[in-house]
Amino acid sequence: MSGKTKKWLDRVERLGNALPDPVFIFLGLIALLAGVSVVAATVSWSAVNPVSGETLTAKSLLSAENVGKLLTAMPDTMANFPPLGLILVVMLGAAVAERSGLFTALMTRAMRGVSNRFLTPAIFLIGLLSHQAADAAYVVLIPLSAIIFAAAGRHPMAGIAIAYAGISGAFAANLLPGQFDVLMLGITKSATQLLVPDHMLNPLGNWYFTAALGLILIPITWFVNDRIVEPRLGAWTGTSPEGEVDDHADEASQRKGLRRAAITALAIVLVFAAFTLWPGYTPLVDAKAVGPARLEPFYASLVAGFMLLFLVCGWAYGAAVGTVSSHRDVVKMMTEGLATMTPFLVISFFAAHFIAMFAWSNLGPVMAINGADWLREQHLATPVMLILLLLMSSVFDLVIGSASAKWSAMAPIVVPMLMLLGVSPEMTTAAYRMGDSIFNIVTPVASNFVLVLVLAQRWRHDFGVGSLIALMLPFSIAIGLTGLCLVGLWTGFELPVGPSAPAAYTMPAR
């Protein structure tokens, strides 16, 4: 790493540490929004909604109407924040699957029997799949990968690097949709409704893009780890620290638990398939709709499906291995899981009010319509616009760790604007997510950066912040270039982003 690069990264770290908490960032945005709304209302800034033909005029957030709405509707504003209910429902189940040991068992057993040659792609793949496991992936897969590499005679830091790249660097890639898809597309949905109130999104709206990205990144990160990162580390001559992995379940119980979890998962899938396909009884199909819209109830049910899948499978596994002895343990796990969501709840309160106030002021659609007109005059290609969004997202990621907090602030502007320019909300979300994940593994403000640093220091005591940045920077560059090219190709060929989620968008007729 050159001296200039290190100085630049040091400045980024100092800047990131100097930023206030995301809560106060939202407070600042709300104050700025209020000031802008007063000025916009004073000059009667307006735009014509191309869908309804209605003239939209900016409204002051300090008007008697809006101040009264802020104070009297505060509980409703919080409760109606779309991602809030979605993510809490999914977490009820994910908490049981995590605390029962199911996620740990799946990651641990998946790594057994893998040859030395294929360790890198195997760990990266498990890292992708572990996006459903929340923080369990960091505390289980990363130390486990270091031990596996060391046992194979390879450098444990390379194991940490590829696991961290799969879990966090490739966070925009997701072979199996899960709770993060629900969260991000929930925020997107609230932004689309600023322009089209009855617009529908489904939690699988990014699946094709995220799955393709994951598959493409497997060979790319394999090359980076084995040909660039590991050779730079040199030969490993140290010893393994003790107490890295704590597996409470014995082999026989673990096998029994995983069999029960698999049978349970199959049963849940069959139930949802029956509700969709059973002749004469299809509660998850809208019989009155035509085409892909018939499956909107099915898409909406996926939130409940994820929750039930995680909860029941975690319960079945825990009962077999002894981590769940009664229904009281399940309730306790659910309670503990929701307790970990407290920071999200606090941020959600302020994010919900920021989005709601954007809607009350009319600034979102007015800005989007006028901005779309300006962009249309520039004659920028769709891939260029989305690549600019990707780059903006990646720059913000260096200093603000929360993906949902950033998207809550950006979505009300960029989603409606790009809808008016023919880009679907799902494609816009995919481009944002790609940009947001690029620098996750090299910025000290990321929530789990310090955790990974501590795990690495168990193997090398002099391993510092700069060491971890230098270790992960090749992955960051490779993932960023791959995502940038993929967004350009995806929009250039107008490939579907997910089921019933095209890359292009046509505004509904008036």
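Note that the structure is a prediction, hence the values are computed from the model and not measured.

Considering a nonpolar patch on the surface
Here is step 1: A contiguous nonpolar patch, built from V38, L62, V67 and L71 and spanning about 340 Å² of accessible area, is present on the exposed surface.
Here is step 2: A residue is classified by how much of its surface remains accessible, and L71, at 59% relative accessible area, is exposed.

As for the nonpolar core
Here is step 1: Membership of the largest hydrophobic core comes to 135 residues, with the highest contact counts inside it found for I142, F209, W407, M427, M472 and F475.
Here is step 2: In this structure, L311, V324, M333 and M334 belong to the second largest nonpolar core, which totals seven residues.

Focus on the confidence of the model for the protein chain
Here is step 1: Here the protein chain averages 82 in pLDDT, while 85% of its residues score no lower than 70.
Here is step 2: Summarising per-element confidence for the protein chain, the mean pLDDT is lowest in helix α1 (residues 3–18) (54) and highest in helix α3 (residues 64–72) (94).
Here is step 3: Every residue in residues 242–247 scores below 50 in pLDDT, and together they form eight contacts with partners more than four places removed in sequence or on other chains.

Section: unusual backbone geometry
Here is step 1: For N362, which is not glycine, the phi dihedral falls at a positive 65 degrees.
Here is step 2: On the secondary structure map, N362 appears in the loop between α15 (342–361) and α16 (363–378).
Here is step 3: For N362, a relative accessible area of 15% puts it in the buried group.
Here is step 4: Backbone geometry places E494, a non-glycine residue, at a positive phi of 50 degrees.
Here is step 5: The residue E494 is located in the segment after α21 (465–492) in this model.
Here is step 6: Here E494 falls in the exposed class, since its relative accessible area comes to 55%.

Digging into helix α7 (residues 119–129)
Here is step 1: In terms of burial, α7 is a largely internal element, nine of the 11 residues being buried.
Here is step 2: Within the sequence span of α7, burial applies to L119, T120, P121, A122, I123, F124, I126, G127 and L128.

Some details on the packing of α7 against helix α11 (residues 207–233)
Here is step 1: Put simply, α7 and α11 touch, their axes get as near as 9 Å, and they point 135 degrees apart. Put simply, α7 runs oblique to α11. Regarding α7 and α11, the two cross each other, and that crossing is right-handed. Contacts between α7 and α11 involve T120, P121, F124, L125 and L128 on the former and, on the latter, G214, L217, I218, T221, W222, N225 and D226.

The rules behind the values
- Within any chain, residue numbers begin from 1 and follow the written order of that chain's sequence.
- Given that this is a predicted model, residues contribute local features only at a pLDDT of at least 70 and side-chain atom pairs are listed and counted only at 80 or more, while totals for whole chains, interfaces and linings are drawn from all residues.
- Each side-chain value is derived from all of the structure's non-hydrogen atoms; neither hydrogens nor water enter the calculation.
- Here, patches come from residues exposed beyond 30% relative accessible area and free of salt bridges, joined within 9 Å for like charges and within 5 Å for nonpolar side chains (Val, Leu, Ile, Met, Phe, Trp, Tyr).
- Surface accessibility follows the Shrake-Rupley procedure with a 1.4 Å probe radius. Residue values consider only the protein chains on display as shielding.
- Only one rule defines a salt bridge in this text: a Lys or Arg side-chain nitrogen within 4 Å of an Asp or Glu carboxyl oxygen.
- Note on classification: 1.4 Å probe, protein chains only; a residue is buried when its accessible area is under 20% of the maximum for its type, exposed when over 50%, partly exposed between these limits.
- Buried residues of nine kinds, namely Ala, Val, Leu, Ile, Met, Phe, Trp, Tyr and Cys, make up a nonpolar core once their side-chain atoms join them within 4.5 Å.
- Values of pLDDT, which run from 0 to 100, indicate the predictor's confidence residue by residue.
- Secondary structure elements are defined from DSSP: runs of H or I of at least 4 residues count as helices, runs of E of at least 2 residues count as strands, and each element is numbered from the N terminus.
- Pairs of residues are marked as contacts when any of their non-hydrogen atoms sit within 4.5 Å.
- A fitted line through C-alpha atoms represents every axis, and for helices the fit uses only the stretch in contact; the resulting angles, taken between N-to-C directions, go from 0 to 180 degrees.
- An angle below 35 degrees is read as roughly parallel, one above 145 as roughly antiparallel, one from 65 to 115 as roughly perpendicular, and any other as oblique.
- Crossings are sorted by hand: turned counterclockwise from the far helix by less than a right angle, the near helix makes the crossing left-handed, and turned clockwise it makes it right-handed.

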